[in-house]
Amino acid sequence: MILLAASALAQEPAPEPASEPVAGPSAEFVRARRVVLKDGLQVVVVEQPSAPLVTLAMALDGGRAREPEPGVARAAAETWFLTSATPTTSVRRRYDRMGAVTEVDVTTDHTLFVSRVFVNVLPAALTLEWLRLTEPLAGVDEIADITREGARDEGRTPYLDPVFQALFPEDHAYRNAWRPPTGRPPAYVASAFVTEAWRPDRATLVVSGPVAADELVCAMDPDACTLDTPAVVEAPLVLPEPRIDVRAKKARRREVGPLSAGVNPTLLLAWALPGTDAIGAQLPRFVRDRVQGELAGETRVTCSLEPGREATALVCSLPSETDPETLDKAFRKGWNTKKLARDVDAWRTRAMTDLLGSSQDVGFAGRLALHLREGGEVDPYTGALADLAFDEPAVRKMLEGPAAYDGAAWIRLVP
C-alpha cells in the first residue's frame, strides 16, 4: 500500500471557553498520525505508551441500512472469521494463536471490527486487517452460526422493526434496518455484500497503544515516511459555545398495533429525532434522560437510543398494562420544562467531566474509527465534547418538536 501524503495533524483553533477548563491530564494520548493510502484506506495511529495492548479498530461503511437482505451485514461480519488466512488456517485460528481478543459491532451505518493484541504480534494482526479488505470470505462455503453476542443483538428485531416501520416512510434509508431475517443468507449473498462494502476507500483503521506512530507508518509503506512531526494532542476540557440548532418539525401522534411480534406484551413509545450528522450524539442522550425521567414519574419505563447519521430513534418500553389516558392526562401540557436551563447546564458539565480519561478505556479505538468514518477529526473525545455545544433553547425545541409527547408513535406488541 502506497501512501499519498503523511502530514502532521493540525489542531483547529480552540473556541472561546464557555466555562473554566476542568483539571485533568494535559494529554489524553501522546501523539497521533493520520495518513491515507493510495487505495483510499484511512489509517490513524495513536500513541498510548501506558496501554497494555495494541487495539486495532476498523470501521467499514455498510451496516444494517445498506444490506441487500435482512441480516446480511451481521452474517458477513461473523463469517469473516471463517475466511482462509492460509490454505490450512482460518482467520479465527490465526487470532487464537496470537492470543487476540476480538469484537464485532454492526450499527445502522457501519460494521466495526476490533481486535486487541500484544505488541509483538502486531504485524500478524495488521496482515489480517489487509486481508479483510482484499480477500474477505475467501474459502467460505457457508455462513457461520450466529454468536451469542450476535443473537442478543438480532433478538431486538421483533421490537425495533415495528418502531422503524412506524417512524420512517417507505423511501427512508432506515425503514428496513431492523427487518427480521428469514434465515441465514446464502454465502454468495454475503460475499457480494462484502465485495461492495468492505473496500479500502470506505474504511478507516485506527491503531492505538504502545506503538510509535512514525515507525508504524514507515513499516506499512516506506514512501509514507516524512520529516513531519505528528500532532501532539492536548486534551483541555472546556464546554463549547452552543451552536446546535434543531429544525425538525413536530410529528403527529400515531398508534400502531396490536402487532403480533412473538414477544411479551409490550407498549413502546418512539420518536424520530434528527440524526447525528445534524445534532451529534449528546443532545439525544440528554433528551432520552429527560423523557425517561418524566415517564418514570407515571410508570415503569426504560428508554434507549438507536443512533444513525440520518436519524436517531428514541424508544421507550412501558408495561403493556399502561393506561394511555393516564399518561395523556399527566402530559396534557407536554413535557415539564421548569428549571430546564439549570438542568441542561448541570447535565452538560457532568457529561464533560465524564470524558476525562475516556481515551484510555477499551472502547476508545472503536469510537474513534466510527467518528472518523462520519467525517470527524482525530481528538481524544471522539467528537463527544463538540457534541455538547447545545443549550436550553435547543433542548426546548427538541422537547416541543421531534420529541414532543403528543408526537410519539404508540406501538403495541403482543405474542
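Structure's up top.
Residues numbered from 1 in each chain as written. Predicted model: local features only at pLDDT ≥ 70, side-chain atom pairs only at ≥ 80, totals over all residues. Heavy atoms only, no water.

Caption draft 1: A look at the overall build of the chain. When its secondary structure is counted, the chain shows 13 helices and 15 strands. Counting every position in the chain, which comprises 415 residues, the buried fraction comes to 51%. (Helix = DSSP H or I, 4+ residues; strand = E, 2+ residues; numbered from the N terminus. Buried < 20%, exposed > 50% of the residue type's maximum accessible area, 1.4 Å probe, protein only.)

Caption draft 2: Geometry of the state of the cysteines. In the structure shown here, the tally under the stated rule is 1 disulfide. Note on cysteine connectivity: Cys303 is disulfide-linked to Cys316, with sulfurs 2.0 Å apart. The S-S bond linking Cys303 to Cys316 shows a torsion near 110°; that makes this disulfide right-handed. Here Cys303, found in strand β13 (residues 302–306), pairs with Cys316, found in strand β14 (residues 311–319); they are 13 residues apart in sequence, far enough to count as distant. Residue classification places Cys316 among the buried positions, given a relative accessible area of 0%. (Disulfide = S-S within 2.5 Å.)

Caption draft 3: Up close: the environment of Ala272. Summarising the element assignment, Ala272 is placed in strand β12 (residues 266–274). Judged by its relative accessible area of 30%, Ala272 is partly exposed. Aside from chain neighbours lying at most four places away, what touches Ala272 is Leu167, Phe168, Thr312 and Pro402. (Contact = heavy atoms within 4.5 Å.)

Caption draft 4: How the structure looks around the environment of Ala270. Summarising the element assignment, Ala270 is placed in strand β12. Take Ala270: its relative accessible area is 0%, and that puts it in the buried class. Taking the C-alpha atoms as reference points, Ala270 and Arg254, separated by 16 residues in sequence, lie 9.8 Å from one another. Apart from residues no more than four positions distant in its own chain, Ala270 is found in contact with Val163, Leu167, Leu314, Val315, Ala408 and Ala409.

Caption draft 5: The pattern of salt bridges, seen in detail. Applying the stated rule across the entire model yields 26 salt bridges. The partner of Glu196 in a salt bridge is Arg202, and the shortest N-O contact between them spans 3.5 Å. A salt bridge links Arg309 to Asp277; its shortest N-O distance comes to 3.1 Å. One end of the pair, Arg309, is in the loop between β13 and β14; the other, Asp277, is in helix α8 (residues 276–279), with 32 residues separating them in the sequence. Using a relative accessible area of 25% as the deciding quantity, one classes Arg309 as partly exposed. (Salt bridge = Lys/Arg side-chain N within 4 Å of Asp/Glu carboxyl O.)

Caption draft 6: Representation of helix α1 (residues 72–79) within the structure. Of all 8 residues in α1, 8 are buried, a share of seventy percent or more. Along α1, the residues classified as buried are Val72, Ala73, Arg74, Ala75, Ala76, Ala77, Glu78 and Thr79.

Caption draft 7: Quick peek at the packing of aromatic side chains. In total, this model carries 13 aromatic pairs according to the counting rule given. On the basis of an interplanar angle of 85° and a centroid distance of 5.5 Å, the ring pair of Phe286 and Trp347 is categorised as edge-to-face. Taken together, the positions of Phe286 in helix α9 (residues 282–296) and Trp347 in helix α11 (residues 340–354) put the pair 61 residues apart, joining distant regions of the chain. You can call Phe286 buried: its relative accessible area is 4%. Residues Phe286 and Phe390 carry aromatic rings whose centres are separated by 6.3 Å and whose planes lie at 50° to one another, so their mutual orientation is tilted. Taken together, the positions of Phe286 in helix α9 and Phe390 in the loop between α12 (364–373) and α13 (392–400) put the pair 104 residues apart, joining distant regions of the chain. (Phe/Tyr/Trp six-rings, centres within 6.5 Å; stacked < 30°, edge-to-face > 60°.)

Caption draft 8: Main features of the sheet that holds β12. On the basis of which strands lie adjacent, the open sheet formed by 5 strands has the order β11-β15-β12-β14-β13 and mixed pairing. Pairing within the sheet leaves two strands with one partner each, and these edge strands are β11 (254–260) and β13. Each neighbouring strand pair of the sheet contributes to a mean axis angle of 20°, computed without reference to strand direction. Judged from the 5 bridges that link them, β11 and strand β15 (residues 409–414) form a sheet pairing that is parallel. Among the inter-strand pairings, Glu255 is bridged to a residue of β15, identified as Trp410. Each of β12, β13 and β14 is contacted by α9, which is oriented at about 160° to β13, the strand it contacts most. (Pairing = 2+ DSSP bridges. Axes fitted to C-alpha atoms, helices over the stretch in contact; angles between N-to-C directions.)

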